[in-house]
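One-letter residues, chain by chain:
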Amino acid sequence: MMSQTTAVIGGTGFAEFVGMINERWQYRRTPFGPSTLVRGSVSGVDMVFLPRHGRPARFPPHAINYRANIRALRDLGIERIVAINAVGSVNPDIPVPSLIIPDQLIDYTWGRAHTFFDGAIHHVDFTEPFDAALREQLCTITSEVTSPYRLNGVYGCTQGPRLETAAEIRRMAADGCDIVGMTAMPEAALARELEMAYASICVNINPAAGLEGAHQMDFEAMSAALETGMAAVRKILEQLLLNG
Ligand code: HPA
């Protein structure tokens with residue numbers, strides 16, 4: 001199979017790609033503002049890593065310049081993007097820690113710069129928000145290299161930066177959400193607008209607000225879950241790059 005130009009967008013717990021070599025950090029200008037990313041290679045394959053929260057990490061989910069990030073990747077000729085997202089579980093059947101490759105999402109964010117088409121009428125199809133071929137590759141590798149995992153799920157994207165109320169999580173469960181995070185949107189839609197394949201590996205680090213075991217957010221337990229989950233994510237990405 002021809003190898004595609006791949007970028008990984010890392011989030012909380014994945015601010016750098018340990019094992020990447022030949023690192024060249026770049027500050028890229030775009031019509032939407034700057035973006036910081038690193039070019040290098042993993043598993044012997046050239047790729048790009050972009051830390052979503054900046055370097056050093058300082059942009060909370062609602063203040064990330066998603067348009068600059070996606071445009072900077074497009075300008076480098078990136079064809080497919082694997083996003084790493086820390087999430088909480090809305091569905092009590094999803095264990096902590098575990099990996100989820102979501103297949104759907106619901107957008108609860110507001111006020112974010114969420115389109116490249118402010119000055120033109122252009123509606124992209126978003127029936128399947130994640131790229132089918134890339135998801136399939138991630139699902140195959142995930143089931144081979146790690147457990148526990150889930151190969152589908154509805155990602156509910158909240159505005160943050162605060163965590164949710166118990167009632168908001170009950171509403172999200174009623175809406176059909178399995179997991180909750182703050183960063184998949186507008187990232188996924190912007191990638192679609194620029195016709196880049198986009199899929200996500202989510203790491204479940206806590207039961208969402210009001211669920212059993214979540215009476216109070218336990219930040220220490222979250223970091224332990226993050227560490228375990230991200231080690232698995234690294235293995236999946238290395239394999240994806242090897243497979244081409
Ligand atoms: N809510 C929203 N975003 C998150 C959570 C959560 O419980 N855990 C990790 N990211």
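A quick note: this is a predicted structure, and the numbers were derived from the prediction, not measured.

Reading the values: rules and limits
- Residues numbered from 1 in each chain as written.
- Predicted model: local features only at pLDDT ≥ 70, side-chain atom pairs only at ≥ 80, totals over all residues.
- Heavy atoms only, no water.
- Near = heavy atom within 4 Å.
- Polar contact = N/O pair within 3.5 Å; in protein donor to acceptor, adjacent residues only side chain to side chain.
- Areas by Shrake-Rupley, 256 points an atom, 1.4 Å probe, with all protein chains shown as cover.
- Helix = DSSP H or I, 4+ residues; strand = E, 2+ residues; numbered from the N terminus.
- Nonpolar A, V, L, I, M, F, W, Y, C, P; charged D, E, K, R; others polar.
- Buried < 20%, exposed > 50% of the residue type's maximum accessible area, 1.4 Å probe, protein only.
- Contact = heavy atoms within 4.5 Å.
- Phe/Tyr/Trp six-rings, centres within 6.5 Å; stacked < 30°, edge-to-face > 60°.
- Salt bridge = Lys/Arg side-chain N within 4 Å of Asp/Glu carboxyl O.

Enquirer: What should I look at first to understand the site of the ligand in this one?
Expert: Around the ligand, the surrounding shell consists of Ala86, Val87, Gly88, Leu163, Glu164, Val180, Gly181, Met182, Ile205 and Asn206. Measuring from a nitrogen atom of the ligand, one finds a side-chain N or O atom of glutamate 164 at 2.7 Å. Taken by itself the ligand offers 260 Å² of open surface, and the protein chains cover 91% of this. Counting residues per element, the ones that place at least two in the shell around the ligand are strand E5 (80–89), strand E10 (179–181) and strand E11 (197–207). For the shell around the ligand, the element with the most residues is E5, which contributes three residues. Residue classes in the shell around the ligand are distributed as six nonpolar, three polar and one charged.

Enquirer: What should I look at first to understand the environment of glycine 10 in this one?
Expert: By the element assignment, glycine 10 lies in strand E1 (residues 6–10). A relative accessible area of 2% places glycine 10 in the buried class. Expressed as a C-alpha distance, the spacing of glycine 10 and leucine 226, which sit 216 residues apart in the sequence, is 12 Å. Contacts of glycine 10, omitting those with residues within four sequence positions, involve Phe49, Leu50, Pro51, Arg52 and Ile84.

Enquirer: Got a minute to help me understand the packing of aromatic side chains in this structure?
Expert: If you walk through the whole model with that rule in mind, you get five aromatic pairs. Ring centres 5.5 Å apart and planes at 75 degrees place the aromatic pair phenylalanine 14 and phenylalanine 17 in the edge-to-face group. Judged by its relative accessible area of 2%, phenylalanine 14 falls in the buried class. Relative accessible area serves as the criterion here: at 2%, phenylalanine 17 is assigned to the buried category. Relative to phenylalanine 49, the ring of phenylalanine 17 has its centre 6.2 Å away and its plane inclined at 75 degrees; by these criteria the two rings are edge-to-face. Of this pair, phenylalanine 17 sits in the loop between E1 and strand E2 (21–30) while phenylalanine 49 sits in strand E4 (residues 45–51), placing them 32 residues apart in sequence. You'll find phenylalanine 17 and phenylalanine 49 in the same group, each marked buried. Cluster of aromatic residues (ring-pair linked, three or more members): Phe14, Phe17 and Phe49.

Enquirer: Whenever I open this one, the pattern of salt bridges confuses me. Can you help?
Expert: Note on pairing: side chains with opposite charge can pair once their charged atoms come close. Overall, the coordinates contain five salt bridges when judged by the stated rule. In this structure, glutamate 168 and arginine 162 form a salt bridge, with 2.9 Å as the shortest nitrogen-oxygen distance. A residue is classified by how much of its surface remains accessible, and glutamate 168, at 28% relative accessible area, is partly exposed.

Enquirer: Teacher, can you tell me more about the side chain of threonine 146 here?
Expert: For threonine 146, the location among the structural elements is in the loop between helix H2 (132–145) and strand E8 (149–150). We classify threonine 146 as buried; its relative accessible area is 14%. With residues up to four places along the chain from it excluded, the contact list for threonine 146 reads Leu99, Ala232 and Ile236.

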